[in-house]
Amino acid sequence: MGQVSQPAPADARPIGVVRAGDEPVSLPADVPGPRVAMADRPGALGRVAVLLSLSAVYFGAAKLGLLLAIVHASASAVWPPTGIALAGLLLLGYGAWPAIALGAFLANITTHGSLATCLAIAAGNTLEALAGAWLVNRYAHGRAAFHTGLDAFRFTALAGVLATTISATVGVVSLGLAGDAAWTRIGSIWATWWLGDMGGAVVVAPLILLWDGGRLPDWSRAKWIEAACVFGVLLAAGQGIFGWLTPVGADPVVLKFLCMPILTWIAYRFDPRTAAVGVFVLAAVAVMGTVRAALTVGSGMLNEYLLLIQIYLALTAVTTLVLAAAVHERELFDRAMRRTSQELTEALAELEAFSHAVSHDLRSPVAAISNYAAILEEDHRDRLGADSLHQLQRIRASAKSAGMLLDELVKFVWAGHSTESKLMLDMTALAREACAEVVVASEDGGTVQFEVHELPPVAGNPQMLGRVLHNLLSNAVKFTRGRERRRVVISGRVGERENVYAVTDNGVGFDPALGDGVFQPFLRPKTERKFAGAGLGLAIAAKIVRRHGGRVGAESDGVNGARFWFALPNEGGR
Amino acid sequence: MNLFPGVLLVDDDEDYLFVARRAIERAKLRADVRVTRDGDEALRVLGLKPGGVEPAAPHTVVVVMLDLRMPGLSGLDVLRQIRASERTRELPVVIVSTSNQPDDVARSYDSGANSYVVKRMDAESPGSYVVDTARYWLELNEPPRSHAKR
């Protein structure tokens, strides 16, 4: 039993976007699987019945193809059995090869040739199908080959162009060796054989692979009407071009291209399955029309016509099927993206609700701890020893820092929520305000020398960008604590696409290895425990800047201060 | 009946109520503090809903200090009902909440709050912010119509 890509579980993600390489691929849940053929396999007897049916179908198609065997009784320019055999092995596994061999042998032996040549031809046909199926399984995701554009290309190249040379070569050489064909004509017989097989592979195999399982599409009424219309147009165009119903005059070569937009329409508006039907319908009317035309003007040129038609059909088929697969792939991708986006939105809402609850529900008990500790201290100060008083103060300090952390958490979750209300901002004024706030808020801000340069204006939310400056300045004040001549410089410059604002201090700096990691939430190096703070100030600043479409960065040599900067887009108040 | 102007505390957090009442007592604020633990009871005290508790005499409640999240009626529900009644339309209502979330603040003002105070713990003396807030509305604020203040 051969390796066939197994259907994915029903809940598998429709990644559909298949990578190169040979890992098994997760198929979308709606990929038609070999349900009838494999999953519901009714045991050995049933399997024999399935294989015999395959032989019969192969036999019938081969007899049909051999009706058009003109250049040699065993070589036809129209050879649907190649597609049937290929699809059969892809769906049923390599073990189904005897069915192909049997069908091919019977079709040939009942038409023309010796036992030896018929056996050789059957062997060639079977080998072609085995090689094609193996290549497609190995490189084009097997029966799912028409679900991505790249795989559809690979299918065409490997099974349509490459594997078909086997049957043509084996068949033609055996005819030559048996003296059944003149060596001088071997070339044209080979070309006919090869092109006929190629047409079968790219027209018939996709149809079977994509329709395996047989479910009708669950289209809306309007979609069915559209499908009926477009197929009607295709059949009408087929009549106009190929004259499959009634003869048309001169061979209108240019008109043949008219079918392309119709098939493109099908590929674009429908799905790979419908596109495969479109290609098959075009092939049928083209062959019927060509045969009819040849019969009226004489059959001398029929093989040449059929070969041209095969080339035309092969090119049309690959273009249409690749386009349909690419469209399908994009649809699956869009669907996955929409789902991911919805999941993210839900997750975000949950996260916000969670932080809401945590910040509210935790604040009350934390406040109670702090308050009761303060009350104990107030009411029983005289009766408590120094140790107990100290411990009470520790309780209050811990509660206070827990409270601050909760405050910061809320700010972090809410940072950047209202960036839609943007104004042109005087950043110099905003920076001066932030300096004043920081000086008031910190115990020793007065000992810091602030230097605010002229800053370019920018579009933004005033509260939010004020907070960015506030947090960067607080950070600078915090980390210059204990340094001589504490100095913080706020500077800015206009760039080509963005304005850059920087807060530079002469504090202790940070470990250069941290890099932009300093903007991550809760990052507070252990060595810096003496500096109070929840570790969210820079993260909040970074989040706000990013919500404004900007970037943040930080530099330090770990000794001589640090420079924190943020850049905001300056395209005229976007 | 206490003749002091009334402060109505509406909150289900016993710890907060304990700290707030203790602070008001210690500050010797000249106020009649009434406490209700849910929104329905608050509306009854204000005479906006019948039954249950003894309602405050008309015009004696000078300020309502209202929590947002309570079992039953939320603070915003209570606030909207206060604003919907002709008699209490201009009664000062201060939201006192643990939440400092911008949307809570915005919704409170949109619903007609006069002020929004975040419950805090960093005061030198616990609950002093409750005293400060009450004092402002009792002693400094001039209400739009004289009937709101005794």
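For the structure, check the block above.
Residues numbered from 1 in each chain as written. Chains lettered and ligands numbered in written order. Predicted model: local features only at pLDDT ≥ 70, side-chain atom pairs only at ≥ 80, totals over all residues. Heavy atoms only, no water.

A.B. asks: Residues and numbers for the sheet that holds strand 2 (residues 32–36) of chain B, please.
C.D. replies: Residues and elements named next belong to chain B. Within the open sheet, the five strands sit side by side as 2-1-3-4-5. Their pairing is parallel. Because the sheet does not close on itself, it has two edges, and the strands there are strand 2 and strand 5 (115–118). Along the sheet, successive strands turn relative to each other by an average axial angle of 20°, direction set aside. Two elements, strand 1 (residues 6–10) and strand 2, share five bridges in a ladder whose sense is parallel. In the strand pairing of strand 2, Val-7 is matched with Val-33. Sheet contacts for helix 4 (residues 102–110): strand 4 (93–97) and strand 5; angle to strand 5, the most-contacted strand, approximately 150°. (Pairing = 2+ DSSP bridges. Helix = DSSP H or I, 4+ residues; strand = E, 2+ residues; numbered from the N terminus. Axes fitted to C-alpha atoms, helices over the stretch in contact; angles between N-to-C directions. Contact = heavy atoms within 4.5 Å.)

A.B. asks: I'd like a rundown of the pattern of salt bridges, residues and numbers included.
C.D. replies: As a working rule, side chains carrying opposite charge can pair if their charged atoms are close by. Throughout the structure, instances matching the rule amount to 22 salt bridges over all chains. The shortest N-O distance in the salt bridge between A:Glu451 and A:Arg487 comes to 2.7 Å. Separated by 36 residues along the polypeptide, A:Glu451 in strand 2 (residues 449–452) and A:Arg487 in strand 4 (residues 487–494) bring together distant segments of the chain. The class for A:Glu451 is partly exposed, based on a relative accessible area of 24%. The partner of B:Lys49 in a salt bridge is B:Asp40, and the shortest N-O contact between them spans 2.3 Å. Look at B:Asp40 and you get partly exposed, because its relative accessible area is 24%. When salt bridges that share partners are traced, they join A:Glu378, A:Asp379, B:Arg22 and B:Arg26 into one network. (Salt bridge = Lys/Arg side-chain N within 4 Å of Asp/Glu carboxyl O. Buried < 20%, exposed > 50% of the residue type's maximum accessible area, 1.4 Å probe, protein only.)

A.B. asks: Describe in detail the environment of A:Gly187, supporting the description with residues and values.
C.D. replies: By secondary structure assignment, the location of A:Gly187 is in helix 8 (residues 186–211). Here the alpha-carbon distance between A:Gly187 and A:Val172, two residues 15 residues apart in the chain, equals 8.7 Å.

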